[in-house]
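# Structure at a glance
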Amino acid sequence: MSGAVDAVRHVIEQGGEADEVLRAVVDSVGARPGVTWVGIAFAEGGVLALGPSRGDPDDERRERVPIAYDGAPVGELWVDGAVRRDELEQVAALIAPYVLIGWDTGGEGWEP
């Protein structure tokens, strides 16, 4: 999955609404060699709700990486396939502000 962090940085630099950015991140990570499926789950009321996803799920090869914003859990990055956890942790940190928007902004406008 080499280059996933750089690819996600590029997506973020392109800008856009949180939903657009997260869908582009899922597409970018899902296109990496060795990845069969990727999804972003949002923490909603104490449970995880799957948001954007891509590919063919393979639960036996799933890596689940917490996504936190300012120390609070806002979701998880789920990736199936041959992946490096350290890269996924970096991706999770990069997308945390966008997952927060999908999770809860308390009705206030917000810019990442």
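Rules and cut-offs
- Residues numbered from 1 in each chain as written.
- Predicted model: local features only at pLDDT ≥ 70, side-chain atom pairs only at ≥ 80, totals over all residues.
- Heavy atoms only, no water.
- Helix = DSSP H or I, 4+ residues; strand = E, 2+ residues; numbered from the N terminus.
- Expected span 1.5 Å × (residues − 1).
- Buried < 20%, exposed > 50% of the residue type's maximum accessible area, 1.4 Å probe, protein only.
- Pairing = 2+ DSSP bridges.
- Axes fitted to C-alpha atoms, helices over the stretch in contact; angles between N-to-C directions.
- Core = buried A, V, L, I, M, F, W, Y, C linked by side-chain atoms within 4.5 Å.
- Contact = heavy atoms within 4.5 Å.
- Salt bridge = Lys/Arg side-chain N within 4 Å of Asp/Glu carboxyl O.
- Arc of directions from axis to C-beta.

The next subject is helix 2 (residues 18-30). Across its 13 residues, helix 2 extends 18 Å between first and last C-alpha, which sits within 8% of the 18 Å expected from 1.5 Å per residue. Those residues of helix 2 not exposed but buried are Ala18, Val21, Leu22, Val25, Val26, Ser28, Val29 and Gly30.

Turning our eyes to something else, we now look at the sheet that holds strand 3 (residues 62-69). Spatially, the four strands line up as an open sheet ordered 2-1-4-3, and their pairing is antiparallel. The open sheet is flanked by strand 2 (47-55) and strand 3, the only strands paired with a single partner. Each strand axis lies, on average, 20 degrees off the axis of its neighbour in the sheet, ignoring direction. As paired strands, strand 3 and strand 4 (residues 72-81) are joined by eight bridges and run antiparallel to one another.

With that out of the way, let us pick up the nonpolar core. Ranked by size, the top nonpolar core spans 27 residues in total, and within it Val25, Ile40, Ile67, Leu77, Val91, Ile95 and Val99 carry the most contacts. Of all the secondary-structure elements, those providing two or more residues to this core are helix 1 (4-14), helix 2, strand 1 (35-44), strand 3, strand 4 and helix 3 (85-103). Counting residues per element, this core draws most heavily on helix 3, at eight residues. Those residues within four positions of Val91 in sequence are excluded, and the remaining contacts are Ala4, Val5, Val8, Val25, Val29 and Leu77.

This part is about the pattern of salt bridges. A complete count under the given rule lists 10 salt bridges for this structure. Notably, a salt bridge pairs Asp27 with Arg54, separated by 4.0 Å at the nearest N-O pair. Of this pair, Asp27 sits in helix 2 while Arg54 sits in strand 2; the two residues are 27 residues apart in sequence, bridging distant segments of the chain. For Asp27, a relative accessible area of 40% gives the class partly exposed. Judged by relative accessible area, which is 33%, Arg54 ranks as partly exposed. Members of the salt-bridge network, linked through shared partners, are Asp59, Arg62 and Asp80.

Our focus in this paragraph is helix 1. Buried within helix 1 are the following residues: Ala4, Val5, Ala7, Val8, Val11 and Ile12. All buried residues of helix 1 lie within an arc of 160 degrees about the axis, which places them on one face of the element. Facing away from the buried surface of helix 1 by more than 90 degrees, the exposed residues are Asp6, Glu13 and Gln14. Note on helix 1: the residue one or two positions beyond its end, Gly15, has a positive phi of about 75 degrees.

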